[in-house]
Amino acid sequence: AQYPALLDSLASSTFRRGMRLFIPTTFTTFISCLVAHRGLYRQDPLGHNLVIGRLGDSYYDQIKDWWRYTIGMSNPFGNVDIRSLFVQPYGSQLWTIPVEYRGSFVVFLTLLCLAKVHNSTRITLLCGVVIYTMWMLHWDISLFLMGTLFADLGFAFAAHNARSSDPISQPDML
C-alpha cells in the first residue's frame, strides 16, 4: 500500500490548487478592473455580453471593488451559488473557477476518506455519493465525483485485464 505517497500527493495538490487557479485569475481580473475603470468595455453587438465591469468613482474605489471580488471568488469556505456565478463583473468566463476550486477539494477529501477502502466497496460508495449529489442538485460536485469514479473504474479494469492476461494466474488448460 502506498498511503504515505497518497497523503503527500493530496497535501501537495491541495496546497497548489488555489495558486494554480487564482494567480492567473487575479492577474487577468486586475487588467479587466483597469479596463472597466477606463470605460473601455463595450456591449456585444448581439447582446450576449450582458455584464459590463462595475465602475468605481476613482481608481481606489475600482481596485477596492476588484479586491473584494477576488477575495470572495477565492474563498474556499464561501458558498458557491451556481446561479449567481454567471454574473462576473471582471470576466464572465471565470464562473468556472470557484466551481473548479470547490470540486477539487471535494475530490481530494473523497479520495482521502476512501483511500483504505477495498476497491469494489470504494466504487460502490462513489456511485452512491454521485447519485446523492445529483439528488441534492449539486450537479457540479456530481460531475467531479463522476470523473473520480470513472478513473477508479479505469484502474480497476486495467488491473483486472493485467491479472487475466498473466499466464501464471491462469489455470493450465492441458
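Look up a bit, the structure's there.
Section: a nonpolar patch on the surface
Residues Leu7, Leu109 and Leu112 make up a contiguous nonpolar surface patch of roughly 300 Å² in combined accessible area. One can find Leu112 in helix H4 (residues 96-113).

Observations concerning unusual backbone geometry
With phi around 65 degrees, Leu137 is a residue other than glycine that occupies positive phi space. Looking at where Leu137 falls in the secondary structure, it is placed in the loop between helix H5 (119-135) and helix H6 (139-164).

Quick notes on the pattern of salt bridges
Tallied over the full model, the rule gives 3 salt bridges. Arg17 is paired through a salt bridge with Glu100; the nearest N and O atoms lie 2.3 Å apart. Residue Arg17 is found in helix H1 (residues 3-37), and its partner Glu100 is found in helix H4; the two are separated by 83 residues along the sequence. Accessibility expressed as a relative area gives 13% for Arg17, which makes it buried. What makes Glu100 partly exposed here is its relative accessible area of 27%. We note a salt bridge from Asp152 to Arg122, for which the minimum N-O separation is 2.6 Å. Taken together, the residues Asp152 in helix H6 and Arg122 in helix H5 connect sequence positions 30 residues apart.

Focus on the packing of H1 against H4
Their axes nearest at 11 Å, the elements H1 and H4 cross at an angle of 180 degrees. Judged by the inter-axis angle, H1 sits roughly antiparallel to H4. Across the interface between the two elements, Leu6, Leu7, Leu10, Ser13, Thr14, Arg17, Gly18, Leu21, Phe22 and Thr25 from H1 touch Ile97, Glu100, Tyr101, Ser104, Phe105, Phe108, Leu111 and Leu112 from H4. The residue inventory of the contact of H1 with H4, partitioned by class, reads 11 nonpolar, 5 polar and 2 charged.

Thoughts on the packing of aromatic side chains
In the structure shown here, the tally under the stated rule is 6 aromatic pairs. Ring centres 5.9 Å apart and planes at 55 degrees place the aromatic pair Trp66 and Trp67 in the tilted group. Given a relative accessible area of 7%, Trp66 falls into the buried group. The structure contains a cluster of three or more aromatic residues connected by ring pairs, namely Phe22, Tyr101 and Phe105. Above the plane of the ring of Tyr3 lies Lys116, whose end atom (NZ or CZ) is 4.8 Å from the centre.

About the thresholds
- Residues numbered from 1 in each chain as written.
- Predicted model: local features only at pLDDT ≥ 70, side-chain atom pairs only at ≥ 80, totals over all residues.
- Heavy atoms only, no water.
- Patch = residues over 30% accessible without salt bridge, like charges linked within 9 Å, V, L, I, M, F, W, Y side chains within 5 Å.
- Areas by Shrake-Rupley, 256 points an atom, 1.4 Å probe, with all protein chains shown as cover.
- Salt bridge = Lys/Arg side-chain N within 4 Å of Asp/Glu carboxyl O.
- Helix = DSSP H or I, 4+ residues; strand = E, 2+ residues; numbered from the N terminus.
- Buried < 20%, exposed > 50% of the residue type's maximum accessible area, 1.4 Å probe, protein only.
- Axes fitted to C-alpha atoms, helices over the stretch in contact; angles between N-to-C directions.
- Parallel < 35°, antiparallel > 145°, perpendicular 65-115°, else oblique.
- Contact = heavy atoms within 4.5 Å.
- Nonpolar A, V, L, I, M, F, W, Y, C, P; charged D, E, K, R; others polar.
- Phe/Tyr/Trp six-rings, centres within 6.5 Å; stacked < 30°, edge-to-face > 60°.
- Lys NZ or Arg CZ within 6 Å of the ring centre and 35° of its normal.

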